[in-house]
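Residue-level structural notes
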Amino acid sequence: MIPIDLSGRTAVVTGASQGLGAAIADLLYQAGGSVAITYWPDQEGVNQGKAQRLVDQLGERAAAMPGDIRDPASMTAMVAAVVARFGRIDILVNNAGIVRDRSFKKMTFDEWQQVISTNLTGTFNACKAVEPVMQEGGRLITIASISAALGFFGQANYAAAKSGVIGLMRVLARELAKRRITANAISPGLVLTDMGMTVPAEERARMLTQIPLGRFGESGDIARAVLFLCSDLSDYITGQTIHVNGGWLPT
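Presented here is a report on the structure given in the accompanying data block.

**Some words on the overall build of the chain**
When you go through the chain residue by residue, the secondary structure sums to eight helices and seven strands. Taking 18 Å as the expected radius of gyration for a compact globule of 251 residues, we find that the chain reaches 17 Å, a close match to that expectation. In terms of overall dimensions, the chain has a C-alpha envelope of 45 × 45 × 35 Å along the principal axes. Counting across all 251 residues of the chain, residues that qualify as buried make up 50%. Long-range pairs, those at least 24 residues apart, make up 75% of the contacts in the chain between residues at least 6 apart in sequence. Averaging the positions of the 23 positive and the 22 negative side-chain charges in the chain gives two centres separated by 4 Å.

Okay, here's the thing in structure tokens:
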């Protein structure tokens, strides 16, 4: 048996108050890591409440940290808070993201900019804030999407942003290699989180016919791939995009 033990390491997971991010944070915690669960501080405090409930479920090696990934200053403050709480950062999982689907003809500039600012620029901001304090041998992992490869109808903004983060990881893999920091992307197929369920039922049925394994992804499928990339088993893997989609291929 080859265990994965993240004891002594600290992970930051953005957008981890619910869904896929929460599943990733949970699994990294169960593997022995300390986990900073970041959330967007909405005025109503909904995200903070979700993040704190997850922290309460996990235990003392978890902490809820506010941070707006669109704002570089907010990311810098979040990183300082994580270092003050845990003393180090070894892993960054860029998970936070939004969708604003609409056909290209009808898509507004604001809908384009919201997705780019959150999904692409937000990933840049998080990496920029974490990189100076990341431990040697650290891990940068970004959640991309099959949309970057397939270009789904109505996702010009989302597909462009996810294609962008794949390129960003390839560059960081080169630039940070001298510190043995690896940078990779994970590209899920459709995962039935709240975001995934926004896809209309008839479209989901059509998509399912294209997946050889005959089912949609679950949060745990993606979280386990993240755990692998966080582990020592992945020391020689960098600049890659790992597709976790049940065999879904372009048609």
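**Observations concerning helix α8 (residues 219–230)**
With 12 residues, α8 extends 17 Å from end C-alpha to end C-alpha; this agrees with the ideal 16 Å at 1.5 Å per step. Where α8 is buried, its residues contact α1 (19–30), β4 (89–94), β5 (134–143), β6 (182–188) and β7 (241–244).

**As for the sheet that holds β5**
Taken in spatial order, the seven strands of this open sheet run β3-β2-β1-β4-β5-β6-β7, and their pairing is parallel. Only two strands of the sheet have a single partner each, and these edge strands are β3 (62–66) and β7. Across the sheet, the axes of successive neighbouring strands diverge by a mean angle of 20°, strand direction being ignored. Relative to β7, β6 is paired through four bridges, and the arrangement is parallel. Across the sheet, residue S187 finds its bridge partner in β7, namely H243. Where helix α3 (residues 72–86) meets the sheet, it contacts β1 (10–13), β2 (34–39), β3 and β4, and its direction lies at approximately 160° from that of β3.

**Overview of the pattern of salt bridges**
Pairing between side chains of opposite charge can happen when their charged atoms approach one another. This structure, assessed with the given rule, holds 10 salt bridges. The salt bridge partner of D232 is R9, with a shortest N-O separation of 2.7 Å. With D232 in the loop between α8 and β7 and R9 in the segment before β1, the pair connects residues that are 223 residues apart, well separated along the chain. Between E131 and R179 there is a salt bridge; the shortest N-O distance is 2.5 Å. With a gap of 48 residues between them, E131 in the loop between α4 (109–130) and β5 and R179 in the loop between α6 (156–175) and β6 connect regions that are remote in the sequence. Exposure remark for E131: the relative accessible area of 30% places this residue in the partly exposed category. Looking at R179, the relative accessible area reads 22%, which means it is partly exposed. Salt bridges sharing common partners tie together R215, D221 and R224.

What counts and what doesn't
Along each chain, numbering runs from 1 in the same order as the chain's sequence is written. Local features in this predicted model are restricted to residues of pLDDT 70 or higher, and side-chain atom pairs are both shown and tallied only at a pLDDT of 80 or more, whereas totals for entire chains, interfaces and linings draw on every residue. In computing side-chain values, all of the structure's heavy atoms are included and hydrogens and water are not. A helix here means a DSSP run of H or I that spans at least four residues, while a strand means a run of E at least two residues long, and both kinds are numbered starting from the N terminus. Here the globule rule is a power law, 2.2 Å times the number of residues to the power 0.38, and the radius of gyration is based on C-alpha atoms. Exposed residues in this analysis have more than 50% of their type's maximum accessible area, buried residues have under 20%, and partly exposed residues fall in between, with area computed by a 1.4 Å probe over protein chains only. The contact criterion used is simple: two residues touch if any of their non-hydrogen atoms lie within 4.5 Å. Charged residues are defined narrowly, with Lys and Arg counted positive, Asp and Glu counted negative, and His plus the chain ends left uncounted. Charge positions are represented by NZ for Lys, CZ for Arg, CG for Asp and CD for Glu. Expected helix span is given by 1.5 Å per residue-to-residue step, counting one fewer step than there are residues. When DSSP finds two or more bridges between two strands, those strands count as paired. Fitted lines through C-alpha atoms give the axes, limited to the stretch in contact for helices. The angle between two N-to-C directions lies from 0 to 180 degrees. Just to be clear on terms, a salt bridge is a Lys or Arg side-chain nitrogen sitting within 4 Å of an Asp or Glu carboxyl oxygen.

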